[in-house]
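# Report on the structure
Each chain, letter by letter, is given below.
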Amino acid sequence: MGKALESIADLIKKVDVVIEVLDARLPSSSSNHQLQALRRTKPWVKVLNKPDLADPAVTAAWLKQFKSETGVSAVAISAKKQLEVKKLIKLCKELSPRNGRLGFPTRVMVVGIPNVGKSTLINTMAGRSLAKVGDKPAITTVNQRIELDGIVLSDTPGVLWPEMDDQEGAYRLAASGAIGANALDYHTVGLFAAEYLMRRYPELLKSRYKVAELSESPSALIEEIGRSLGCLIAGGEIDLNRASEAFLRELRAGKIGRISFEEPSLSQEVDS
Ligand code: G4P
């Protein structure tokens, strides 16, 4: 077991409920599967965060799949929305074995890979702005307990790296913005995202870029986008890297529409 996982395993032993934050657009690639081995009998809540950016039908299918796992609760809520986060706090209390025992607040910890919204969630839970947590795996030793109504929460989440052994998963993480721009170059990721969107969400692309028909290939689409956004270099050529960067920025901000990058196993029907 790696050091980060080891320290998280130790902390998990000391809490009543674990909140695992996932990105609703890619709940599998944004999870660390080694973490699942630590679940055992501990109540576990999977929060599908950023649901405002994900395809609602696909999110519903993910929730159905997760809820069928033993010991797992799953909710799709935005970490930015106080009312939704309040429901999560209530759920944690209900799941705690200490529920209702006077003087025994529910001990909760938040875990997840970088950029899924852990700090946002902790801030909303705390009702105030705490320092942004670094992206280093593991846990800072100096952390503070936040005492809320019936809940004790550490202000520092458990951070684990995503697993990058699957190349498709790495591309999805990069397309969503979960891993930094330096990990893979913009054009490669842009081409991956363009190919996926042309196949899975062609109507959203047509509507965003106001075209009746899509370009014949992902590279032609990126060129079109680059041309329309004025991403040019000397001689009138398209700057493909800048065009891809602009396309990815739009995609990540939800400007193209609500997009999910992966669906649960094909045996699960997507309710639309
Ligand atoms: P982390 O601690 O897990 O690393 O993630 P963090 O909370 O820093 O959130 C990463 C980014 O995700 C932030 O955007 C944050 O605002 C955004 N985010 C969190 N929850 C939601 C949500 O429900 N919906 C959407 N659309 N975005 C969400 P950022 O651009 O990196 O920072 P900022 O400019 O918003 O501060």
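Owing to the predicted nature of the structure, the values given are computational and were not obtained by experimental measurement. (Residues numbered from 1 in each chain as written. Predicted model: local features only at pLDDT ≥ 70, side-chain atom pairs only at ≥ 80, totals over all residues. Heavy atoms only, no water.)

Tracing the backbone through its elements, the reader meets serine 244 in helix α10 (residues 240-252). Exposure remark for serine 244: the relative accessible area of 0% places this residue in the buried category. Discounting chain neighbours no more than four positions away, the residues touching serine 244 are Tyr186, His187, Gly190 and Ile222. (Helix = DSSP H or I, 4+ residues; strand = E, 2+ residues; numbered from the N terminus. Buried < 20%, exposed > 50% of the residue type's maximum accessible area, 1.4 Å probe, protein only. Contact = heavy atoms within 4.5 Å.)

Below, the discussion takes up the nonpolar core. If you look at the biggest cluster of nonpolar residues, it comprises 64 residues, and the most contacted ones within it are Ile19, Leu121, Leu205, Phe247 and Leu251. It is helix α7 (residues 186-200) that provides the largest number of residues to this core, a total of seven residues. When residues no more than four places from it in sequence are discounted, the contact partners of leucine 205 are Leu197, Met198, Leu214, Leu221, Phe247 and Ile256. In this structure, Ala4, Ala9, Leu38 and Val111 belong to the second largest nonpolar core, which totals 13 residues. (Core = buried A, V, L, I, M, F, W, Y, C linked by side-chain atoms within 4.5 Å.)

A word on the site of the ligand. In the vicinity of the ligand there are 17 residues, among which Ser78, Asn115, Lys118, Ser119 and Thr120 approach most closely. Interatomic distance of 2.8 Å between a side-chain N/O atom of aspartate 52 and a nitrogen atom of the ligand. With respect to the ligand, the backbone of asparagine 115 contributes an N or O atom lying 2.8 Å from an oxygen atom. Per-element tally for the shell around the ligand: the top contributor is helix α5 (residues 118-126), with three residues. Class assignment of the residues belonging to the shell around the ligand gives a composition of five nonpolar, six polar and six charged. (Near = heavy atom within 4 Å. Polar contact = N/O pair within 3.5 Å; in protein donor to acceptor, adjacent residues only side chain to side chain. Nonpolar A, V, L, I, M, F, W, Y, C, P; charged D, E, K, R; others polar.)

Here we come to helix α9 (residues 218-229). Compared with the 16 Å implied by 1.5 Å per residue over twelve residues, the 16 Å span of α9 between its first and last C-alpha is a close match. Buried within α9 are the following residues: Ala220, Leu221, Ile222, Ile225 and Gly226. Turning to α9, the residues buried within the fold contact α7, α8 (202-209) and α10. Just past α9, the residue glycine 230 takes up positive phi, approximately 75°. (Expected span 1.5 Å × (residues − 1).)

On to the packing of aromatic side chains, then. Counted under the stated rule, the structure contains four aromatic pairs. Judged by centre distance (6.3 Å) and plane angle (70°), the ring pair of tyrosine 196 and tyrosine 201 falls under edge-to-face. Tyrosine 196 sits in the buried class, given a relative accessible area of 9%. The buried category is assigned to tyrosine 201, whose relative accessible area is 8%. The structure contains a cluster of three or more aromatic residues connected by ring pairs, namely Tyr196, Tyr201 and Phe261. Here the guanidinium or amino end of arginine 101 rests over the ring plane of phenylalanine 104, the centre of that ring lying 4.3 Å away. We note arginine 200 situated over the ring of tyrosine 201; from NZ or CZ to the ring centre the distance is 4.7 Å. (Phe/Tyr/Trp six-rings, centres within 6.5 Å; stacked < 30°, edge-to-face > 60°. Lys NZ or Arg CZ within 6 Å of the ring centre and 35° of its normal.)

Time to look at the UniProt feature "binding site: GTP" (unreviewed entry) in the chain. Under the feature "binding site: GTP" (unreviewed entry), the UniProt entry names Asn49, Lys50, Pro51, Asp52, Asn115, Val116, Gly117, Lys118, Ser119, Thr120 and Gly158. The greatest C-alpha distance among the annotated residues, which extend across 110 residues, is 24.2 Å, indicating that they are dispersed rather than converging on a single site. Following the sequence through the fold, aspartate 52 ends up in the loop between β2 (44-49) and α3 (56-67). Exposure remark for aspartate 52: the relative accessible area of 45% places this residue in the partly exposed category. Assignment of secondary structure puts glycine 117 in the loop between β4 (106-112) and α5. A relative accessible area of 12% places glycine 117 in the buried class. Dropping the residues within four chain positions of it, glycine 117 is found in contact with Val21, Asn49 and Ala79. (UniProt positions renumbered as here; feature names shortened; annotations may be inferred.)

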